[in-house]
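# Structural characterization, general
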Amino acid sequence: MKARKPLVAGNWKMNGDIVSNEHLFTALRASLERASLPQVEVAVCPPYPYLGQAAAWLGDTGIAWGAQDVSAFGNGAYTGDVSAAMLVDLGCRWSIVGHSERRQLAGETDDQVAAKVSMCVAHGIGVIACLGETLEEREAGTTETVLGRQVDAIAASLVGAAQPLPAERIVLAYEPVWAIGTGRTASPETAQAAHRFVRERLVARGLHDAAAVRIVYGGSVKAGNAASLFAMPDVDGGLIGGASLVADDFLEICRAAAVA
Ligand code: PGA
């Protein structure tokens with residue numbers, strides 16, 4: 001068994017409604033209770049309006065819930081934003097930060113991602129900070145430059161904090177942009193090389209407990225490829241998009257993490 005407890009987190013993205021969520025919550029509760037997988041930490045991240053529904057359906061289970069984003073600001077005049085304090089109020093254990101869809105579609109910069117990480121740290125919310133290179137960057141041979149820059153911004157917020165998050169609440173998600181929602185997955189070796197690079201960079205930037213930080217992989221993880229990815233020494237679980245919307249598929253991925 002790995003020293004780090006694997007995390008499998010479902011990123012529902014902008015999907016779902018009250019009725020279909022209820023079906024999914026019910027199925028997840030039932031199947032994960034039956035499967036009993038204490039070796040794995042499981043979380044789901046529905047859209048903001050459904051976090052209260054997640055609390056109601058998952059509150060008495062071992063399944064955590066989280067948000068897909070958090071404001072870089074504290075409470076105040078920020079129309080449309082949702083603060084870290086509000087996420088704490090709702091019982092969120094996690095927040096995804098810096099997903100490539102936000103970097104690309106909302107133009108989020110490394111500095112904004114860093115500010116969001118700082119907000120999570122200040123409020124004690126577990127952070128799932130995403131990073132990854134585009135296909136053009138990989139083909140241009142700049143993957144490590146890009147990942148290094150992204151890790152540095154995240155690490156600065158983690159290391160400089162007055163009250164740092166414990167290592168088990170810090171997760172980095174390596175999500176190569178070319179693998180997200182495309183059906184194209186990084187090979188286990190490619191993922192491992194990136195994860196190893198990220199971990200070493202965290203150490204180099206002063207995160208002394210980087211060996212205890214989980215680095216999860218995201219990008220077209222499916223029931224069929226999860227086991228070989230999770231078998232890699234620095235792949236500590238997954239951030240799952242499409243497959244997290246199908247209870248049976250998500251369960252299979254959790255099982256794969258349990259045996260890794
Ligand atoms: P995917 O998404 O599993 O649908 O590729 C992963 C993610 O974007 O977090």
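First, a word on what this report is: a plain description of the structure on this page. (Residues numbered from 1 in each chain as written. Predicted model: local features only at pLDDT ≥ 70, side-chain atom pairs only at ≥ 80, totals over all residues. Heavy atoms only, no water.)

### A word on the packing of aromatic side chains
Evaluation of the coordinates by the stated rule reveals 3 aromatic pairs. With centroids separated by 6.3 Å and ring planes inclined at 55 degrees, the aromatic side chains of Tyr174 and Tyr217 adopt a geometry described as tilted. Placement of Tyr174 in strand S6 (residues 170-174) and of Tyr217 in strand S7 (residues 214-218) is noted, with a sequence separation of 43 residues between them. With a relative accessible area of 0%, Tyr174 lands in the buried category. The ring of Trp94 has Arg169 lying over it, and the distance from NZ or CZ to the ring centre is 5.7 Å. (Phe/Tyr/Trp six-rings, centres within 6.5 Å; stacked < 30°, edge-to-face > 60°. Helix = DSSP H or I, 4+ residues; strand = E, 2+ residues; numbered from the N terminus. Buried < 20%, exposed > 50% of the residue type's maximum accessible area, 1.4 Å probe, protein only. Lys NZ or Arg CZ within 6 Å of the ring centre and 35° of its normal.)

### Points about the sheet that holds strand S2 (residues 41-45)
Spatially, the 8 strands close up into a barrel ordered S1-S2-S3-S4-S5-S6-S7-S8, and their pairing is parallel. Strand after strand, the sheet turns through a mean of 25 degrees between neighbouring axes, direction not considered. Judged from the 5 bridges that link them, strand S5 (residues 126-131) and S6 form a sheet pairing that is parallel. In the sheet register, Ile128 faces S6, and the bridge partner there is Val171. Where helix H8 (residues 188-204) meets the sheet, it contacts S5, S6 and S7, and its direction lies at approximately 145 degrees from that of S7. (Pairing = 2+ DSSP bridges. Axes fitted to C-alpha atoms, helices over the stretch in contact; angles between N-to-C directions. Contact = heavy atoms within 4.5 Å.)

### What to know about the nonpolar core
With 71 residues, the main nonpolar core has Val8, Leu28, Val117, Leu202, Tyr217 and Phe230 as its most contacted residues. Contacts of Val117, omitting those with residues within four sequence positions, involve Val97, Val127, Ala129, Ile154, Ser157 and Leu158. Ranked by size, the runner-up nonpolar core spans 13 residues in total, among them Cys45, Ile128, Ala173 and Val216. (Core = buried A, V, L, I, M, F, W, Y, C linked by side-chain atoms within 4.5 Å.)

### Quick notes on the state of the cysteines
Counted by the stated rule, this structure contains 0 disulfides. No disulfide involves Cys45; its nearest neighbouring cysteine sulfur is the one of Cys92, lying 7.9 Å away. Not part of a disulfide, Cys120 finds its nearest cysteine sulfur in Cys92, a span of 9.7 Å. Residue Cys120 is classed as buried on the basis of its relative accessible area, which comes to 0%. (Disulfide = S-S within 2.5 Å.)

### Some remarks on the site of the ligand
All residues adjacent to the ligand are Asn11, Lys13, His99, Glu175, Ala179, Ile180, Gly181, Gly219, Ser220, Leu239, Gly241 and Gly242. At 3.4 Å from an oxygen atom of the ligand is found a side-chain nitrogen or oxygen belonging to Asn11. Separating an oxygen atom of the ligand from a side-chain N or O atom of Lys13 is a distance of 2.7 Å. In the complex, 96% of the free accessible area of the ligand, which totals 280 Å², lies under the protein chains. In terms of residue class, the shell around the ligand is built from 3 nonpolar, 7 polar and 2 charged. (Near = heavy atom within 4 Å. Polar contact = N/O pair within 3.5 Å; in protein donor to acceptor, adjacent residues only side chain to side chain. Areas by Shrake-Rupley, 256 points an atom, 1.4 Å probe, with all protein chains shown as cover. Nonpolar A, V, L, I, M, F, W, Y, C, P; charged D, E, K, R; others polar.)

### A look at helix H10 (residues 247-259)
Along an α-helix, residues three or four positions apart point the same way, because every turn accommodates 3.6 residues. Counted at 1.5 Å a residue, the expected span for H10 with its 13 residues is 18 Å, and the 19 Å between its end C-alpha atoms agrees. Three or more residues of H10 are buried, namely Ala247, Phe250, Leu251, Ile253, Cys254, Ala256, Ala257 and Ala258. On its buried face, H10 sits against strand S1 (7-11), helix H1 (18-35), S2, helix H9 (226-230) and strand S8 (237-240). (Expected span 1.5 Å × (residues − 1).)

### Re the layout of surface pockets
If you add up the space inside the largest pocket, you get close to 550 Å³. Considering the residues around the largest pocket, the lining is formed by 24 residues, among which Tyr48, Asp69, Arg102, Glu108 and Lys116 are closest to the centre. Of all the secondary-structure elements, those providing two or more residues to the lining of the largest pocket are helix H4 (100-105) and helix H5 (110-123). If you tally residues by element for the lining of the largest pocket, the top one is H4, at 3 residues. Of the residues belonging to the lining of the largest pocket, the class tally is 11 nonpolar, 6 polar and 7 charged. In this structure, the second largest pocket spans a volume of roughly 220 Å³. In terms of lining, the second largest pocket is formed by 15 residues, of which the most central are Leu32, Val42, Thr61, Gly62 and Ile63. Residue assignment for the lining of the second largest pocket shows that the elements contributing at least two residues are H1 and S2. Ranked by residues supplied to the lining of the second largest pocket, first place goes to H1 with 4 residues. Partitioned by chemical class, the residues of the lining of the second largest pocket number 8 nonpolar, 2 polar and 5 charged. (1 Å grid on protein atoms, 1.4 Å probe; cavity = no way out; pocket = protein on both sides within 12 Å on 5 of 7 lines; lining within 4 Å. Points joined across faces, edges and corners; volume = space filled by probe spheres on them.)

Coordinates in, geometry out; function isn't part of it.
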